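Residue-level structure breakdown
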Amino acid sequence: MATRLPAHLEVSGLIRRAQAQGGFAMVLHKGEPDSGTILIVMVDNQGLGALYERMPQRDGTRDWAKSKVQDTDNKQEFEDYLTRRQRQDPDVWIIELTVADGQRLIRG
């Protein structure tokens, strides 16, 4: 099993990669610096978000997977979900990325 990079370093790297690709990134909620879970909100060109988080895979790894998508008819429900996740886990990091082909940014 690989050693996990501290959360604050991974977040910094994600922000730098997004900016290097001409995108925008910001921390919506700052979590525990070393071991906080990281949630990524990818915002598309229509202003809608999709939430990505690491999910366990059959081989024991944890890969990024889309776990929730913002509904155009009920944008508030997505925001409420993020608020609930933050309340359930105050150590969680929530990062918003607006970048072309954001999925490429978090692959591999």
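Up top is the structure.
Presented here is an overview of the structure given in this document.

Quick notes on the rules
- Residues numbered from 1 in each chain as written.
- Predicted model: local features only at pLDDT ≥ 70, side-chain atom pairs only at ≥ 80, totals over all residues.
- Heavy atoms only, no water.
- Helix = DSSP H or I, 4+ residues; strand = E, 2+ residues; numbered from the N terminus.
- Buried < 20%, exposed > 50% of the residue type's maximum accessible area, 1.4 Å probe, protein only.
- Contact = heavy atoms within 4.5 Å.
- Areas by Shrake-Rupley, 256 points an atom, 1.4 Å probe, with all protein chains shown as cover.
- Lys, Arg positive; Asp, Glu negative; His and termini not counted.
- Charge placed at Lys NZ, Arg CZ, Asp CG, Glu CD.
- Salt bridge = Lys/Arg side-chain N within 4 Å of Asp/Glu carboxyl O.

1. Describing the overall build of the chain
For the chain, the count of helices and strands is 3 helices and 5 strands. From first element to last, N terminus to C terminus, the chain shows the α and β order α-β-β-β-β-α-β-α. Projected onto its principal axes, the C-alpha coordinates of the chain cover approximately 40 × 35 × 30 Å. Across the 108 residues of the chain, 36% fall into the buried class. Taking the contacts inside the chain whose residues are at least 6 apart along the sequence as the reference set, 63% of them involve residues at least 24 apart. For the chain, the exposed area adds up to about 6800 Å²; of that, 48% sits on carbon and sulfur atoms. Taking the average location of the 15 positive side-chain charges in the chain and that of its 16 negative ones, the two points are 3 Å from each other.

2. Topic: the pattern of salt bridges
The full count for this structure, using the stated rule, is 3 salt bridges. A salt bridge links glutamate 10 to arginine 54, with the shortest nitrogen-to-oxygen separation between them at 2.1 Å. Of this pair, glutamate 10 sits in helix 1 (residues 7–20) while arginine 54 is found in strand 3 (residues 49–56), placing the two residues 44 residues apart along the sequence. On the accessibility criterion, glutamate 10 (15% relative accessible area) is buried. By relative accessible area, arginine 54 is classed as partly exposed at 24%. The shortest N-O distance in the salt bridge between lysine 68 and glutamate 77 comes to 3.2 Å. Given a relative accessible area of 29%, glutamate 77 falls into the partly exposed group.

Don't take any of this as a statement about function, it's just geometry.
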